[in-house]
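Working through the structure, step by step
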Amino acid sequence: MKTASFFALASALVPAVTAHYRWTSLIANGGTTAEYEYVRVNTNDNSPVTDVTSTDLRCNVGGLDSGPETSTDPVTAGSTVGLALDQAIYHPGVVNVYMAKAPSGTNISDWDGSGDVWFKVYQVTAVTDGGTSVSWPSVGMSQVTFTLPADIPDGEYFIRAEDIALHVAETYGGAQFYISCAQVSVTGGGNGTPGPLVAIPGVYTGYEPGILINIYDPIPANYTQPGPAVWSG
Ligand SMILES: *[C@@H]1O[C@H](CO)[C@@H](O)[C@H](O)[C@H]1NC(C)=O
Ligand SMILES: *[C@@H]1O[C@H](CO)[C@@H](O)[C@H](O)[C@H]1NC(C)=O
Ligand SMILES: [Cu+2]
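Since the model is a prediction, treat every value here as computed from it, not as a measurement. (Residues numbered from 1 in each chain as written. Chains lettered and ligands numbered in written order. Predicted model: local features only at pLDDT ≥ 70, side-chain atom pairs only at ≥ 80, totals over all residues. Heavy atoms only, no water.)

**Some thoughts on the pairing of strand E10 (residues 155-165)**
- Buried residues dominate E10, accounting for ten of its eleven residues.
- Bridge count between strand E5 (residues 93-101) and E10: nine bridges; the pairing is antiparallel. Bridge pairing in E10 links Met99 to Ile159.
- The sheet contact formed by E10 and strand E11 (residues 176-187) spans eleven bridges and is antiparallel. (Buried < 20%, exposed > 50% of the residue type's maximum accessible area, 1.4 Å probe, protein only. Helix = DSSP H or I, 4+ residues; strand = E, 2+ residues; numbered from the N terminus. Pairing = 2+ DSSP bridges.)

**Quick word on the nonpolar core**
- One finds Trp23, Met99, Ile152 and Ile159 to be the most contacted residues of the largest nonpolar core, which totals 33 residues.
- Among the elements of the structure, strand E1 (23-28), strand E4 (80-85), E5, strand E6 (118-124), strand E9 (143-147), E10 and E11 are those that each provide at least two residues to this core.
- The next biggest cluster of nonpolar side chains, apart from the first, holds 30 residues, and it includes Val49, Val94, Leu166 and Ile179. (Core = buried A, V, L, I, M, F, W, Y, C linked by side-chain atoms within 4.5 Å.)

**With respect to the packing of aromatic side chains**
- According to the stated counting rule, one finds ten aromatic pairs in the structure shown.
- When the centroid spacing of 6.4 Å and the interplanar angle of 90 degrees are considered together, the rings of Phe119 and Tyr157 count as edge-to-face. With Phe119 in strand E6 and Tyr157 in strand E10, this pair connects stretches of sequence that are 38 residues apart.
- The exposure class of Phe119 is buried, given its relative accessible area of 2%.
- Overall, the relative accessible area of 1% leaves Tyr157 in the buried class. (Phe/Tyr/Trp six-rings, centres within 6.5 Å; stacked < 30°, edge-to-face > 60°.)

**Remarks on the coordination of the copper ion (ligand 3)**
- Each protein donor to the copper ion (ligand 3) is listed here as His20 (NE2) and His91 (NE2); together their distances run 2.1 to 2.2 Å. Here His20, found in the loop between helix H1 (4-13) and E1, pairs with His91, found in the loop between E4 and E5; they are 71 residues apart in sequence, far enough to count as distant. (Donors = N, O, S within 2.8 Å, 3.2 Å for Na, K, Ca; no water.)

**Some remarks on the sheet that holds E1**
- Strand order in the open sheet formed by four strands is E2-E1-E4-E9, with antiparallel pairing between adjacent strands. A single partner strand is all that each edge strand has here, and the edge strands are strand E2 (31-32) and E9.
- Summarising the sheet, E4 and E9 pair through five bridges and their orientation is antiparallel. Of the residues in E9, the one forming a bridge with Ala84 is Gln143.

**Quick word on the site of ligand 2**
- In the vicinity of ligand 2, the contacting residues are Pro209, Ile213, Asn222, Tyr223 and Thr224.
- Contact distances for ligand 2 include 2.5 Å between an oxygen atom and a side-chain N or O atom of Asn222.
- The separation between an oxygen atom of ligand 2 and a polar side-chain atom of Thr224 is 2.6 Å.
- A total of 360 Å² of accessible area belongs to ligand 2 in isolation, and the protein chains cover 46% of it. (Near = heavy atom within 4 Å. Polar contact = N/O pair within 3.5 Å; in protein donor to acceptor, adjacent residues only side chain to side chain. Areas by Shrake-Rupley, 256 points an atom, 1.4 Å probe, with all protein chains shown as cover.)

**Section: the confidence of the model for the chain**
- In this model, the chain carries a mean pLDDT of 93, and residues with pLDDT of at least 70 account for 92%.
- Overall, residues 1-17 carries pLDDT values under 50, and its contacts beyond four positions in sequence, including any with other chains, amount to 15 contacts. (pLDDT = per-residue confidence, 0-100. Contact = heavy atoms within 4.5 Å.)

**As for the site of ligand 1**
- The immediate surroundings of ligand 1 are formed by Pro68, Asn107 and Ser109.
- Between an oxygen atom of ligand 1 and a side-chain N or O atom of Asn107, the distance comes to 2.4 Å.

Listed below in structure tokens is the structure:
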């Protein structure tokens, strides 16, 4: 998914680690938790998902099977939560964070996140200036955090982080999705109505202007963040 010269460069800059940055750890209760303690482990070493119609888009390859070995972290509504990466993001692109609430009575370790259940809680978009330059603030980030809305209903949720790498996104299927799902149990919440709700897969067609895009030529004069609006409670 990358050129030989890029791989050599990345290898030189980031020695002795897996090829790609991975969302490995939940951030909650004032700290960063152990790798894959509360994050569902994948089986593809985080090679990117490129098929937006695949269920792999939901929690990465293998992520629908690794729930039983993943713990669920208690968190409080209104507190700061997030996901941390094993190394900083190095592809130009954008980040979305979605959540989905397991049906009451369903153990989230056994849940597959299917249906129109996902809402966006946070995003990192591009910065454009009318076509002279574009910057990607997610590059260099090694974590994203956000405030859990105070009125989010109590229950068990996925927190799903998604980096959409756009360096070879000029052809259909070229955008690369780096994904992980964490498991949390929210208490102290309220009666908010998270939304708009979308399905994953389903939320993207792959033809969105922010997904099927040449980010180099011409330099984008504007950028449309993929996915629904952020719900902030
Ligand atoms: C949910 O399932 C996991 C994995 O099977 C288990 O360890 C955990 O105790 C269950 N949680 C509850 C609240 O039953
Ligand atoms: C920029 O704005 C135009 C006009 O609204 C739109 O057609 C185009 O898709 C946008 N480009 C991006 C990358 O969002
Ligand atoms: Cu890559």
